[in-house]
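# Structure assessment
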Amino acid sequence: MNALSVKQLVKTYKNGVTALKGIDLDVEEGDFYALLGANGAGKSTLISILCSLLNKTSGQISVFGHDLDNDNTRVKQSLGLVPQEFNFNIFEPIIEILVNQAGFYGINRATAFPRAHELLEALGLGAKKQDSARQLSGGMKRRLMIARALMHQPKLLVLDEPTAGVDIEIRHSLWQYLTELNNSGTTIILTTHYLEEAEQLCRNIGIISEGKVIENTSMKDLLSSLKKECFIIETSNPLSAPPSLSIAPTKLVDEHSFYVELEKSRPLNTLFEELSKLQIEVTGMRSKNNRLEELFINRINADSAQ
Ligand code: ADP
């Protein structure tokens, strides 16, 4: 079953900005899914609609088969959200923040207390239970937000930039916690700017650009495309179309250059042999560094150029 299914989701804000232009997205139950996109791509809009903080213009969303419009209570029960901004009462003891949150989901205090203790221990906040939230560091506040989102034991946890502004040590312990949570059955969707984070944690990845999903693939496939090297080849003869090569895909850049994506294991000679056969004279060649980050930017650029 899909934990999340989004079909043709459109959101146009009152000011006329269409932030989501027909999003289709499926996340399987048990997945650890990364949603990547530059600022303004539409990630927060999507998450806000999913969590009923914002109304959609059109389209459909279902969470574990429950329709967002017709079965909103079940959707809310299934979902835990960790938003980017801290939005708790900073004067309240953190144990109370958790227990009160459980109350919104109909969980009584007797049940909520042990659960809150357990979560605070698991997230390394056990010693801080009675402190007010304002006494916590940024990393601790972030962990408190996660604990709060888990109080009603949601089957799907959505984290919006969970480690933004969190130092490296805390980030790693959070990653470990989230991995354990996912291994124990919770489906997790996160947005992140840290590609390393997506690479470390997530099995599948969606890339959003300007309100559209431009990539929806497994992390494994995305990373295996890094086993390829990309070159820009410059030619003396003008090209009206990218040369058709048997060894690698090509794409026209302009009249005198094209882009080729070559398996790293393949000797460059094979490329030149094919080009010679096609009577294409090479005058220059540039390598394009192809780390994940660059790949991500390339996809976005390629999409916005269309
Ligand atoms: P992201 O989370 O990927 O940074 P957002 O969902 O915040 O992207 O924004 C997507 C687009 O919608 C942007 O162009 C942004 O300016 C616009 N937008 C976001 N919130 C509002 C709003 N409340 N009113 C009008 N436009 C908005």
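Residues numbered from 1 in each chain as written. Predicted model: local features only at pLDDT ≥ 70, side-chain atom pairs only at ≥ 80, totals over all residues. Heavy atoms only, no water.

So, about the overall build of the protein chain. The number of helices and strands found in the protein chain is 10 helices and 14 strands. Judged by the C-alpha coordinates and their principal axes, the protein chain covers about 80 × 40 × 35 Å. For the protein chain, the residues scored as buried account for 47% of the 306 residues in total. Here the analysis covers contacts within the protein chain between residues at least 6 apart in sequence; of these, 67% occur between residues at least 24 apart. In the structure as shown, the protein chain presents an accessible area of about 15100 Å², 47% of it carried by carbon and sulfur atoms. In the protein chain, 32 positive and 37 negative side-chain charges are present, and the distance between their average locations comes to 5 Å. (Helix = DSSP H or I, 4+ residues; strand = E, 2+ residues; numbered from the N terminus. Buried < 20%, exposed > 50% of the residue type's maximum accessible area, 1.4 Å probe, protein only. Contact = heavy atoms within 4.5 Å. Areas by Shrake-Rupley, 256 points an atom, 1.4 Å probe, with all protein chains shown as cover. Lys, Arg positive; Asp, Glu negative; His and termini not counted. Charge placed at Lys NZ, Arg CZ, Asp CG, Glu CD.)

With that settled, consider the nonpolar core. Core analysis: the largest hydrophobic core is formed by 46 residues, its most contacted members being Leu144, Ile146, Leu157, Leu159, Tyr177 and Leu178. Not counting residues within four places of it along the chain, the set of residues in contact with Ile146 comprises Val82, Leu123, Leu159, Leu174 and Tyr177. In terms of nonpolar packing, the next biggest core, distinct from the first, is built from 26 residues, Val6, Leu25, Leu46 and Phe64 among them. (Core = buried A, V, L, I, M, F, W, Y, C linked by side-chain atoms within 4.5 Å.)

A few words now on the packing of aromatic side chains. In this description, a pair of aromatic rings is defined by centroid distance and the angle of the planes. A full pass over the atoms with the stated rule returns 1 aromatic pair. Taking NZ or CZ as reference, Lys11 lies 5.3 Å from the ring centre of Tyr13, over its face. Taking the ring centre of Phe64 as reference, the NZ or CZ of Lys155 above it sits at 4.2 Å. (Phe/Tyr/Trp six-rings, centres within 6.5 Å; stacked < 30°, edge-to-face > 60°. Lys NZ or Arg CZ within 6 Å of the ring centre and 35° of its normal.)

With that out of the way, let us pick up the sheet that holds strand E1 (residues 2–12). Across the sheet, 4 strands lie side by side as E2-E1-E4-E5; this open sheet has antiparallel pairing. With partners counted over all chains shown, the strands left at the sheet margins are strand E2 (18–28) and strand E5 (66–67), one partner each. Bridge count between strand E4 (residues 58–63) and E5: 2 bridges; the pairing is antiparallel. Bridge assignment links Val63 to a residue of E5, and that residue is His66. (Pairing = 2+ DSSP bridges.)

Around the ligand sit Tyr13, Asn15, Val17, Ala19, Ala38, Asn39, Gly40, Ala41, Gly42, Lys43, Ser44 and Thr45, and those are all the residues in its vicinity. Within the side chain of Ser44, a nitrogen or oxygen atom sits 2.7 Å from an oxygen atom of the ligand. The leading source of residues in the shell around the ligand is helix H1 (residues 43–50), at 3 residues. Tallied by class, the residues present in the shell around the ligand amount to 5 nonpolar, 6 polar and 1 charged. (Near = heavy atom within 4 Å. Polar contact = N/O pair within 3.5 Å; in protein donor to acceptor, adjacent residues only side chain to side chain. Nonpolar A, V, L, I, M, F, W, Y, C, P; charged D, E, K, R; others polar.)

When the terminal C-alpha atoms of helix H4 (residues 109–122) are compared, their 20 Å separation across 14 residues agrees well with the 20 Å that a helix rising 1.5 Å per residue should span. Restricting attention to buried positions, one finds in H4 the residues Ala112, Arg115, Ala116, Leu119 and Leu120. In an axial view of H4, the angular spread of the buried residues amounts to 135°, which keeps them on one side of the axis. Those residues of H4 that are exposed and angled more than 90 degrees off the buried face are Ala110 and Glu118. Contacts from the buried residues of H4 go to helix H3 (94–104), helix H5 (138–149) and helix H6 (168–183). (Expected span 1.5 Å × (residues − 1). Arc of directions from axis to C-beta.)

Let us now look at the pattern of salt bridges. Taken as a whole and judged by the stated rule, the model has 8 salt bridges. As a salt-bridge pair, Lys7 and Asp26 come within 3.9 Å of each other at their nearest N and O atoms. Linking Lys7 in strand E1 with Asp26 in strand E2, this pair joins segments that are 19 residues apart in sequence. (Salt bridge = Lys/Arg side-chain N within 4 Å of Asp/Glu carboxyl O.)

Turning next to the domain arrangement of the protein chain. Domain annotation of the protein chain identifies domain 1 (2–223) and domain 2 (227–305). On a C-alpha basis, the centres of domain 1 and domain 2 stand 40 Å from each other. (Domains from an automatic or database assignment.)

Turning our attention to the pairing of strand E8 (residues 187–191). Of all 5 residues in E8, 5 are buried, a share of seventy percent or more. Here E8 shows no split at all, with Thr187, Ile189 and Thr191 on one side and Ile188 and Leu190 on the other all buried. Of the strand pairs in this sheet, strand E7 (residues 156–160) and E8 are connected by 5 bridges, and their pairing is parallel. Considered in E8, the bridge of Leu156 is made with Thr187. In this fold, E7 hands off to H6, which returns the chain to E8; that crossover is right-handed. (Right-handed = clockwise from strand over helix to strand, strands pointing away.)

As for its position among the elements, His152 is in the loop between H5 and E7. When the C-alpha atoms of His152 and Ser78 are compared, they prove to be 8.5 Å apart, with 74 residues separating the residues in sequence. The contacts of His152, once residues within four sequence positions are left out, are Lys76, Gln77, Leu79, Gly80, Tyr105 and Ile107. Polar side-chain contacts of His152 include one of 2.7 Å to the backbone oxygen of Leu79.

Let's shift gears to the state of the cysteines. Within this structure, the stated rule accounts for 0 disulfides. Free of any disulfide, Cys202 has its nearest neighbouring cysteine sulfur in Cys51, separated by 17 Å. For Cys202, a relative accessible area of 5% translates into the label buried. (Disulfide = S-S within 2.5 Å.)

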